[in-house]
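# Commentary on secondary and tertiary structure
Listed here are the chains, written in short residue letters.
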Amino acid sequence: MSAPADTPETILPTSEPNVDLESGDATADTPLDVEPRRTVVVLPPQDNDYGIEERPTGGLNRPRGTEMRRELTKEEKELAQAGYDHIIAEKNEEHITEKGDSKDPKDVNIGKMDITEHGYSLEDLENVLVTSFVTKEPAASPGLHPKEAAERLLRDGKNILTPPKKKSAFMKYLDCLKNMFNILLILAGILEYVLLGINFEANFANTYLGGILIAVAFLNAFIEFYQLQKADAILQSFLALIPPSCRVIRGGTLLTTPAAELVKGDVVFVRMGDKTPADLVLFNSTDLKVDNSSLTGESEPQERHPLPDGSPYRAVEAENLVAVKDMEVCTALVDSWLALMKRQIAKLTGGESGNKSPLATEIGNFVAIMSTIAIVFALVFFGVGIGTVYRGNVGATVTFAVSILVAFVPEGLPSVVTLLLSIAAKRMAAQNVLVKDLQGVETLGALTLLATDKTGTLTRNQMTVTNIWNGTNMSSAFQSNNDADDTVPFSFSTPGMSEIIDVCALNSKIKFDKSDIPFEQREILGDATETGLARFAGRHLPDYDRHHKDHPKVFEVPFNSTNKWALSTVKKVHADGFLTVMLKGAPERVLAKCTTYLNEGVSTPVDDAFNKSFDDAYSYMASRGHRVIACAQYNLPGHIYPENFAFTRNPINYPETGYTFVGLVSLEDPPKHGVREAIGTLRLAGIKVMMVTGDHPKTAEAIARKINLILGETKQTLSARTGRPLSDIYDDEVSAVVVHGDDIDGLQGFEWDASVFLSIIVRGLLAENWFHSVFAKEEIVFARTSPKHKLEIVKRAQALGHIVGVTGDGVNDSPALKKADLGIAMNISGSDVSKEAANMILLDDNFASTVKGVAEGRLIFNNLKRSIQYTITHITPEVIPQLLYVVVPIPLPLSAILILVIDLGFEIFVGLSFAWDPPESKDGLMRLKPRKPVTDRSILSIKKRALRRTKTLRRDSETQTLVTPGRFRQLLTKLRAPFTRIWWEDRLERTEDETLVDGKLLSYAYLEAGIIEFAACIVSYFVIFLKHGFSPADLRRAQKATIYFAKSSPDFITNAGRVIDSKAQLEALAQAQSICAIPLPIR
């Protein structure tokens, strides 16, 4: 049967006797006559068909052989796509919402609330917004009348984001109380009080037991609640409490008003350093740049200017729309009563629910199993007891059943787990890591994938001068490990460096928040590039302020997008005159104005040799992802330009050519200290670290290589090194990938992890990674990503079984922070939204703190395991005596009260001591693989389960989308599951995962240590009774009679003829129970 001609096919070798198909290596008798290597690759889907095709690629050779064609089966395609149905369904819902076709009226409004006003001309905009402004003289704008503004505020509401719903303290406490163990304890306690209604006098003593059980449950909940509230209180102290204000023109008067009271149509005046209070359409501005780093991740400020005819682009790309922090003076018009991008990001964040931590899931499963066993055994013992020992005495039988329940339930376990995590969280707080969710402490140690933002997380979000070229030599101003060998440290005494410092300091428009404090402590208000240049100059000038006073500015031409340079004329005396022009800007533009360059302090004509040196230096800086600025000067001759010369911009009356080139300065947003080492340690620990940023791919890759996040080659770098076209390079040849955000939308589900499945399905081929399988790469960078992209990346990784951590500081990171298994926000540079969405906050913004957190998380997991093992070891020696009490029978060795005393009075304190157990070796924890590693086998298992689950769901007859079953049907499915073969196969499937409570731990606790403790208890029990004259046979006979070991008991005559009165009986029982309890806490 042949495949259709247009169907992509798989080419498999059928006869290759000289190749080991398992290892892919040629054997010793491989013939020399070989053809170019043929690599199998997966092609993009065409006509809903996913295939593979073979093409010659060069490189390693493969022997010739007879080949056959094979097409992927329908089952293989379904398996590759399985597991992503929920993501596709969410995308479809979002698409419906954006179109406005949703049946939910709230969703319809959300889909239609995008900004369009930036597309209007200024004349039309004035009419649409029903306001009044003057484009040429903004200060003369009437703006809205105060009465009209008040009416609009009442109609539209305040200019604030709707805060997320927060649970009250009482509801948070109830959530802590809704632990299965706590519920069982409360029900058992209530049951003891119900017995009072049956027989008050006989059961009055049990009210103490009931009160203790209920109190223990509430105490467990309070301990957890207290720790959560304490972390939340610390977080709130870091959030901004002062409401922002802004300047607005109303009724022709400039007023200062709270930003929350802005309305649509207000005319707003924004100055350098202000935070934009809403979405603003510009109608007048001067050299405006905005800082979008918290929204898009771009380190560089973006230019914005008025467009009289409006902008045809989307709101995010519109050059006449401002949505964030302004860097220059401008006047603008309020366009919407809620910031566009922040509104959409807030919607994304609010729509996501955080995942349960792996620890919470495992503890939940353990609690459910233990609770089920406890309930079943309690019911069984109740039935046996009421028919044998207690003979219809319901009250006594219920009390006995409760003691069985108490024996099975480790009452102190919730408190021990909470306190252990609290102790670990306190240790992490000392290392500047604030834990909002206690279980996040352990989650950090369980991570398999860490997706981190670039700006402000890996880098400082502060442009810094790195290299300086003075026309002859390259110098380094910032410590770097990848400078060229001939790069020397910066020295102010090097010829030409003082001139570069002057250009950086004097040709600047930056301002300071304060001028009465040392330079290094000042906050600089201005463009990020100019800020970096000014800080560099300030470090090398004796007195920055004095330098400006000695060389006052007399004229300037600000930077603009047309000229791409900035010019300043200052009073700086030289041999030929009084004035000096300082020029800086784009290197090619500045060099075009220069006729000479400084060569060892001497002006030398520009020649071909200099141009080549310039190109080499420029390429060296730019290739490292730096922003390059050229500096030049012109010593104006005094006879042409006297000290009082009148410079003008229009008409141009300043020198345009004849400048002297003084050097190149490169700046970058440098990596934070310790980031490179942290990434290496995380990689050693088996955690895949990938960068997700909104910045340019080239910039992202350059930073990734500096911090060793990318060590291997991408297709682009391999192509540049070998000269091969990109089309001839396949994914199995490279270990790194840089994915553009625009490509994410077009990726099919199987393209995220295709190589894993094809390597399993199509065995026998030499190459096992054939397609653009993103998560199969060791080194991954996502660039130009939007908040939606970041969120999808997290979801895709989680669908493959990854435990995902996300670090970020911007508003754009918040949806991914909330969806991730562990969201990690920055405190200093982080936005309030990101801090609210995260589970953990780095107080000092030090990414390297995550390494300490991972080690702490892994240590606390090991210590938790030991503590739980210790805690549940008591179950066997507490339950078996109860069984002997019913079956043999013998007097009750351990009462319910005594069991509670052991569990709560001793075991909690001993269990807490495990929190201080040190690791076995200093670096051992960080050399272990994650406890739930993601492998080809684990992904295939997840895919098979997802495919099986998908086939059982009903699909809509029209849209063919999956229909989520109702709650009742889901509950019914869960109840039926344990009675199916597949359920047990899944549970018993062998994995590489290490769980908190596994078979090894249970075997030791129940069958080894538990049996040994039981033997010690029961032997001690019989020895004490023997000392008081009771043999085991006497005990059995006395218990069967059911009239002994009470205050009103008759005398008991032993088999040896000894008479024991009631007082001696009670004393013997009390001592026997006490000695039976002593071995339990001692393990």
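No experiment lies behind these values; they were computed from the predicted model shown.

Parameters at a glance
- Once a new chain begins, its residue numbering starts again from 1 and follows that chain's sequence as written.
- Given that this is a predicted model, residues contribute local features only at a pLDDT of at least 70 and side-chain atom pairs are listed and counted only at 80 or more, while totals for whole chains, interfaces and linings are drawn from all residues.
- Values shown for side chains rest on all heavy atoms present in the structure; no hydrogens or waters enter the calculation.
- Here a strand is any run of E in DSSP of at least two residues, a helix any run of H or I of at least four, and the numbering for each starts at the N terminus.
- The buried label applies to any residue whose accessible area, calculated with a 1.4 Å probe on protein chains only, is under 20% of its type's maximum; exposed applies above 50%, and partly exposed to all values in between.
- Whether two residues are in contact is decided by their heavy atoms, any of which lying within 4.5 Å being enough.
- What sets the accessible areas is the Shrake-Rupley method with a 1.4 Å probe; for residues, cover comes only from the shown protein chains.
- When DSSP locates at least two bridges between a pair of strands, those strands are taken to pair.
- With axes taken as lines fitted to C-alpha atoms, and helix axes fitted only over the stretch in contact, angles between N-to-C directions fall between 0 and 180 degrees.
- Only buried Ala, Val, Leu, Ile, Met, Phe, Trp, Tyr and Cys residues count toward a nonpolar core, and they belong to the same one when joined by side-chain atoms within 4.5 Å.
- Values of pLDDT, the confidence the predictor places in each residue, fall between 0 and 100.
- Using a 1 Å grid laid over the protein atoms alone, points where a 1.4 Å probe fits but cannot get out form a cavity; open sets with protein on both sides within 12 Å along at least 5 of 7 lines form a pocket; any residue with an atom within 4 Å of a point counts as lining.
- Grid points are joined across faces, edges and corners, and a volume is the space filled by probe spheres set on the points.
- Residue polarity follows a fixed list, in which Ala, Val, Leu, Ile, Met, Phe, Trp, Tyr, Cys and Pro are nonpolar, Asp, Glu, Lys and Arg are charged, and the others, Gly among them, are polar.

What follows is about the overall build of the protein. Along its length, the protein carries 38 helices and 39 strands. Taken over 1083 residues, the protein has a buried fraction of 50%. For the protein, the proportion of contacts with a sequence separation of at least 24, taken over those separated by at least 6, is 71%. Counting every atom, the protein has about 50600 Å² of accessible surface; 56% of that belongs to carbon and sulfur.

Strand order in this open sheet of eight strands is S16-S35-S34-S33-S17-S30-S32-S31, and the pairing throughout is mixed. Only two strands of the sheet have a single partner each, and these edge strands are strand S16 (433–435) and strand S31 (736–740). Looking at each pair of strands side by side, their axes are set apart by 20 degrees on average, direction ignored. For S31 and strand S32 (residues 779–783), the ladder comprises five bridges, and the chain directions are parallel. For Val-738, the partnering residue across the bridge sits in S32 and is Val-781. In the packing of helix H14 (residues 413–429) onto the sheet, contacts are made with S16 and strand S35 (840–842), and the angle to S16 comes to roughly 150 degrees.

Another point: the nonpolar core. Within the largest apolar cluster, 121 residues are counted, with the highest numbers of intra-cluster contacts made by Met-691, Leu-709 and Phe-1025. Of the residues forming this core, the biggest block, nine residues, is contributed by H14. When near neighbours in sequence (up to four residues on either side) are disregarded, Leu-709 contacts Ile-679, Arg-683, Val-689, Met-690, Met-691, Ala-704, Glu-779, Ile-780 and Val-781. Counting residues in hydrophobic clusters, the runner-up holds 29 residues, among them Met-690, Leu-747, Phe-775 and Ala-797.

Turning next to the confidence of the model for the protein. Per-residue confidence for the protein averages 77 on the pLDDT scale, and 78% of its residues sit at or above 70. Overall, residues 1–71 carries pLDDT values under 50, and its contacts beyond four positions in sequence, including any with other chains, amount to 133 contacts. With pLDDT under 50 throughout, residues 755–772 is counted as low confidence; its partners more than four residues away or in other chains account for 60 contacts.

A separate point is unusual backbone geometry. Residue Pro-651 follows Asn-650 across a cis peptide bond; omega there is 5 degrees. Position of Pro-651 relative to the elements: it lies in the loop between strand S28 (627–635) and strand S29 (659–668). Backbone torsion omega between Val-888 and Pro-889 reads -10 degrees, so that peptide bond is classified as cis. Look at Lys-564: it is not a glycine, yet its phi comes out positive at around 60 degrees. Mapped onto the secondary structure, Lys-564 falls in the loop between strand S23 (553–557) and strand S24 (565–574). Residue classification places Lys-564 among the partly exposed positions, given a relative accessible area of 32%. The backbone of Glu-600 sits at a positive phi, close to 55 degrees, despite the residue not being glycine. Here Glu-600 shows up in the loop between strand S26 (594–599) and strand S27 (602–605). On the basis of relative accessibility, which here comes to 48%, the residue Glu-600 falls in the partly exposed class.

Sizing a probe to match a water molecule and rolling it over the atoms shows the empty space that remains. Scanning the model with the defined rule gives five cavities of 30 Å³ or more in all. In this structure, the second largest cavity spans a volume of roughly 70 Å³. Considering the residues around the second largest cavity, the lining is formed by Ala-451, Thr-452, Asp-453, Val-692, Lys-790, Ile-793, Val-794, Val-806, Thr-807, Asp-813 and Ala-816. With three residues, the single largest contributor to the lining of the second largest cavity is helix H27 (residues 787–799). By residue class, the composition of the lining of the second largest cavity is six nonpolar, two polar and three charged.

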